[in-house]
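The primary structure of each chain is shown beneath.
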Amino acid sequence: MTLALAPTDRPYLPRGVRMITDKVRGGTVLLCPEKAIALDTIGEAILSRVDGSASFREIVAGLAEAYDAPAEQIAGDVQRFLAGLRARMYLAVRS
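What you are looking at is a predicted structure, and each value in this text was computed from that prediction instead of being measured.

A. Up close: unusual backbone geometry. A positive phi angle, close to 60°, is found at E34, a residue other than glycine. Position of E34 among the secondary structure elements: in the loop between β3 (28–32) and β4 (35–39). Even without being glycine, D68 reaches a positive phi, approximately 50°. As for its position among the elements, D68 is in the loop between α2 (56–67) and α3 (71–87). A residue is classified by how much of its surface remains accessible, and D68, at 73% relative accessible area, is exposed.

Rendered as structure tokens:
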């Protein structure tokens, strides 16, 4: 199994993983079993589009439009971010 997402893959946060606002420290964190990962604005922008229904291609297109950036460049950055989360089992994918 490859960790890379195909354009039609639909990523989602598996059971026990969610994005929350950290009221104590401020900012947004990815809350995982026994771990909290602080998200920067880029991570938050990516994960806010991960809902299980949007495909990888749609997530990249939405980010490219929102940030007026080339989709090819954004695709590589998003791919690395999501593949890293997938490797740690903090992200799952529906084909």
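B. Summary view of the packing of aromatic side chains. Under the defined criterion, the tally for this structure stands at zero aromatic pairs. The residue whose ring lies beneath R94 is Y12, and the NZ or CZ to ring-centre distance is 4.0 Å.

C. Quick look at the sheet that holds β4. Taken together, three strands build an open sheet; the order of strands is β2-β3-β4 and the sheet is antiparallel. The sheet is open, and its two borders are formed by β2 (18–21) and β4, each paired with just one other strand. Sheet twist, expressed as the mean angle between neighbouring strand axes with direction ignored, is 35°. Alignment of β3 against β4, held across five bridges, turns out to be antiparallel.

D. Spotlight on the layout of surface pockets. By volume, the largest pocket is sized at about 230 Å³. Taken together, T41, I42, A45, I46, L63, Y67, A69, P70, Q73, I74, D77 and V78 make up the lining of the largest pocket. Mapped onto the lining of the largest pocket, the elements with two or more residues apiece are α1 (41–47), α2 and α3. In terms of residue class, the lining of the largest pocket is made up of nine nonpolar, two polar and one charged.

The rules behind the values
Residues numbered from 1 in each chain as written. Predicted model: local features only at pLDDT ≥ 70, side-chain atom pairs only at ≥ 80, totals over all residues. Heavy atoms only, no water. Helix = DSSP H or I, 4+ residues; strand = E, 2+ residues; numbered from the N terminus. Buried < 20%, exposed > 50% of the residue type's maximum accessible area, 1.4 Å probe, protein only. Phe/Tyr/Trp six-rings, centres within 6.5 Å; stacked < 30°, edge-to-face > 60°. Lys NZ or Arg CZ within 6 Å of the ring centre and 35° of its normal. Pairing = 2+ DSSP bridges. Axes fitted to C-alpha atoms, helices over the stretch in contact; angles between N-to-C directions. 1 Å grid on protein atoms, 1.4 Å probe; cavity = no way out; pocket = protein on both sides within 12 Å on 5 of 7 lines; lining within 4 Å. Points joined across faces, edges and corners; volume = space filled by probe spheres on them. Nonpolar A, V, L, I, M, F, W, Y, C, P; charged D, E, K, R; others polar.

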